[in-house]
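# Residue-level structure breakdown
Chain residues, written in single-letter form:
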Amino acid sequence: MKNILLTVSYDGTDFCGWQKQNAGKDKSDFPVAMRTVQEEIEKALEKMLGAEVFLQGSGRTDSGVHARAQKANFISPVDSVPCENYVRALNSILPKDIRIRESQEVPEDFSARFSATSRTYRYFIHTGSVPLASDMRFVWHLPWTPDINVLNDMTSCLRGELDFATFTASGDQSLSTFRYIDDAHFYTQEDLKTGGKVFVFEITANAFLWKMVRSLTGTLIGMEKKGLGGKDFKEVLFSKDRTRAGVTAPPTGLFLWDVSFDGVRRHV
């Protein structure tokens, strides 16, 4: 048996997140299938290998959230399949909104979830001009352009181990609201197709709470629009009061961008 690590990209628009879920029910109380990325890949693997497998992801992206490089591993019951063949074989089975970018064999004790030392998310915000229709699934459109210096003044306090209780969504089941932030900052890039400006919020941490990045993003943008700054944001962060957070940014602009396994392992 081989432990195989996949690098996965997906358009999360039509998924109820990464993690496989129990079927929901419609208004008539009939079961309704919950389409998830994990389940789609597991079904493709079962078709390919002729056996059920369990796929473990490095992060549980929410409904509507995308991924450039989600990492996920599984134990293959078939040793005869060359590792590199999983890319071509799975992509021939999977729906077009999931693509396997890479496959590699990893040590037996490797876990995409528990071996990960950091995750990086990027949130894309299109400002000013109207984005193309084809881009609307992947950005949050703002009709104004925020001051990036103010935004980065606010994010300057997001370093090290911090309590993110203020930005914890109701229903989060994490044992701790502390997370270790390696870096968080905004930068801009030009949208060459429309001439508009794209703001990117990039944040790297050991792990994230449920909807934490979207809550941070919405709060930062909302506070900048109100003319507030770094001191004000720091007060909100340290208040540990969820009612002081701003709106939760929509899932459209959020991407799980990268996962690292070579850093310092911290609590989850």
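Calculation criteria
Residues numbered from 1 in each chain as written. Predicted model: local features only at pLDDT ≥ 70, side-chain atom pairs only at ≥ 80, totals over all residues. Heavy atoms only, no water. Buried < 20%, exposed > 50% of the residue type's maximum accessible area, 1.4 Å probe, protein only. Helix = DSSP H or I, 4+ residues; strand = E, 2+ residues; numbered from the N terminus. Pairing = 2+ DSSP bridges. Polar contact = N/O pair within 3.5 Å; in protein donor to acceptor, adjacent residues only side chain to side chain. Contact = heavy atoms within 4.5 Å.

## Brief notes about the pairing of strand E12 (residues 254-260)
On any regular strand, side chains alternate: one points to one face of the sheet, the next to the other face. Counted residue by residue, E12 has six buried out of seven residues, so it is predominantly covered. Pairing analysis gives two bridges linking strand E5 (residues 66-76) to E12, with the strands arranged parallel. Bridge assignment links histidine 66 to a residue of E12, and that residue is phenylalanine 255.

## Quick look at unusual backbone geometry
The phi torsion at lysine 211 lies on the positive side, around 65 degrees, for a residue other than glycine. In this structure, lysine 211 sits in the loop between strand E11 (197-205) and helix H4 (212-225). Overall, the relative accessible area of 29% leaves lysine 211 in the partly exposed class. Of note in this structure, lysine 240 is not a glycine but carries a positive phi near 55 degrees.

## Comments concerning the side chain of glutamate 202
Summarising the element assignment, glutamate 202 is placed in strand E11. Judged by relative accessible area, which is 15%, glutamate 202 ranks as buried. A distance of 2.6 Å separates a polar atom in the side chain of glutamate 202 from a polar atom in the side chain of arginine 122. Once residues lying within four places of it in the same chain are set aside, the contact partners of glutamate 202 are Thr120, Tyr121, Arg122, Asp183, Ala184, His185 and Tyr187.

What is shown is where atoms sit, not what they do.
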